[in-house]
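Tertiary structure, described
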Amino acid sequence: MAGEGGRRGGPHEQAVLLAAGFADLAVSTVGSAVGTMRGLLRRSDAAQLAADAEQELMARGRLVLDRYAAVPPAYLEVLARHVVARQARGGA
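We now turn to the structure provided with this report. (Residues numbered from 1 in each chain as written. Predicted model: local features only at pLDDT ≥ 70, side-chain atom pairs only at ≥ 80, totals over all residues. Heavy atoms only, no water.)

**Notes on the overall build of the protein**
- In terms of helices and strands, the protein carries three helices and zero strands.
- When the helices and strands of the protein are read in sequence order from the N terminus, they spell out α-α-α.
- The proportion of buried residues among the 92 residues of the protein is 1%.
- Put simply, the protein shows about 8,300 Å² of open surface, and 64% of that area lies on carbon and sulfur atoms. (Helix = DSSP H or I, 4+ residues; strand = E, 2+ residues; numbered from the N terminus. Buried < 20%, exposed > 50% of the residue type's maximum accessible area, 1.4 Å probe, protein only. Areas by Shrake-Rupley, 256 points an atom, 1.4 Å probe, with all protein chains shown as cover.)

**Section: the pattern of salt bridges**
- If you walk through the whole model with that rule in mind, you get two salt bridges.
- Among the salt bridges present, the one from Glu56 reaches Arg60, with a minimum N-O distance of 3.6 Å. Of this pair, Glu56 and Arg60 both sit in helix 2 (residues 46-69), four residues apart, which is roughly one turn of that helix.
- We classify Arg60 as exposed; its relative accessible area is 52%. (Salt bridge = Lys/Arg side-chain N within 4 Å of Asp/Glu carboxyl O.)

Below, the structure is given as structure tokens:
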């Protein structure tokens, strides 16, 4: 990071600048979210909107759990199923 005049600040100065930039980003994000929430609360269908959002979040959660919590089948089990299927078709 180049400071004023093209000089690099020390690690402490860089840490402070990084923290200040992160804090500014967080404040602007929270401010934007509050404005969005105010607009949503003014809607006449806010209850239905909240119910739809809850259902969507639950569906997303279910997908995430299915994606990461599912244990793949054992390799030898898969091979055994292929052998049984091949034998059932009459192959060797």
